[in-house]
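Working through the structure, step by step
Single-letter residue listing:
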Amino acid sequence: MLKIENLNVAYGNITALRDLSINVEEHSCVALVGANGAGKTTLMHTIAGVKSPKSGKIIYRGEDATKWMADRMVAEGVALVPEGRQIFSQLTVEENLMMGAFSRKDDYQAELENAYNMFPRLRERKSQKGGNMSGGEQQMLALARALMSKPKLLLLDEPSMGLAPVIVSDIFRIIRKINEDGVTVVLVEQNAKMALKIAQKCYVIENGSVVLEGTSEQLRNDQRIREIYLGG
C-alpha cells in the first residue's frame, strides 16, 4: 500500500526527517511511536501531500507519489485526520461531513448513513455546530469526515490526545473496526499501550529516524520500549 524510502524533510535549516523508511502492507494497521518532536506529524503531513520532501521517495500503491499534492492524494484515496481534529467549528456536524466528501463526483449518501450508524452521537447532533461539541465528539466527527472520502489509506495523528480514558477506548474500538473493514491505517499515537493493542506493526521514531521496528508483540516484549513508552 505504502512504501517510504530514505525520506528527508526539512523546515528551513532544521531537518525533521532523516533517511526515514517504512513499509505499510495493504489492509494493515501500522503504529508510529515516539516522543514529541520526533518527526511523526511531519511524516504524516508529507505522506498526505501537505509537506514536500527534500529527497527520498513515497510509493503509494505502486506509483511514485513523491511530488503529489494534497488534492491528488485525497483523490487517490488518502485521508488525514490531523492532530487537534481541526473540524470546521462554525459548520454543523452534517456540513462538516459533507466537506469530507467534497472531492467525490458520485453520490455519498450511503457513506453519510454509514457515518451516522458508526457514530450515533453525530446523528443526534447533526444540526449542531461542531465547535459546540465535546472533544470526544469532535474526534468522532473528524474520523467520520475522513471516512466520507472513502479512503483506502487513513492517516490518524494523535486521535486520543486530550480525551478521557472511556472516550479513548471508544475511539480505538472504532479505529480497529475501520481497519477490519479493509481500510489501511497508519496511526501516530502517544498512548503506546493502546496503539500496540490494535496495530500489527510498529515503528519507533527518534530525532526524525526509525530506530526500531517490529511486530506489536515484539515491541511489547522489548525491555527498552517497555521502560520508555509503556511505563515498566
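Note that the structure is a prediction, hence the values are computed from the model and not measured.

Of note, G62 is situated in the loop between β4 (55–60) and β5 (63–64). Residue class for G62 comes out exposed when judged on its relative accessible area of 69%.

This next bit is on the layout of surface pockets. What the largest pocket holds in volume is close to 560 Å³. Forming the boundary of the largest pocket are 22 residues, of which V74, L80, P82, F102 and R145 lie nearest the centre. Listing elements by their share of the lining of the largest pocket, those giving two or more residues are α1 (40–47), α2 (70–75), β6 (78–81), α3 (93–100) and α6 (135–147). Looking at the lining of the largest pocket, the element that brings in the most residues is α2, giving 4 residues. A breakdown of the residues in the lining of the largest pocket according to their chemical character gives 13 nonpolar, 5 polar and 4 charged. If you add up the space inside the second largest pocket, you get close to 370 Å³. N114, M118, L147, I178 and D181 are, among the 17 residues lining the second largest pocket, the residues nearest its centre. Elements represented by at least two residues in the lining of the second largest pocket include exactly α4 (109–118), α6 and α7 (165–180). With 5 residues, the top contributor of residues to the lining of the second largest pocket is α4. Residue composition of the lining of the second largest pocket, by class: 10 nonpolar, 2 polar and 5 charged.

Procedures and definitions
Residue positions are counted from 1 within each chain, in the order its sequence is given. Reporting of local features is limited, given that this is a predicted model, to residues whose pLDDT is at least 70; pairs of side-chain atoms are given and counted only at 80 or more, and all residues count toward the totals for whole chains, interfaces and linings. The basis for every side-chain value is the complete set of non-hydrogen atoms in the structure, without hydrogens or water. In this description a helix means any DSSP run of H or I spanning at least four residues, a strand means any run of E spanning at least two, and both kinds are numbered starting from the N terminus. Type-normalised accessible area, obtained with a 1.4 Å probe on protein chains alone, sets the label of each residue: buried when under 20%, exposed when over 50%, and partly exposed for intermediate values. The rule is simple: put a 1 Å grid over the protein atoms alone, call a set of points where a 1.4 Å probe fits but cannot get out a cavity, call an open set with protein on both sides within 12 Å along at least five of seven lines a pocket, and count a residue as lining if it has an atom within 4 Å of a point. Grid points are joined across faces, edges and corners, and a volume is the space filled by probe spheres set on the points. Here the term charged refers only to Asp, Glu, Lys and Arg, the term nonpolar to Ala, Val, Leu, Ile, Met, Phe, Trp, Tyr, Cys and Pro, and the term polar to all other amino acids, Gly among them.

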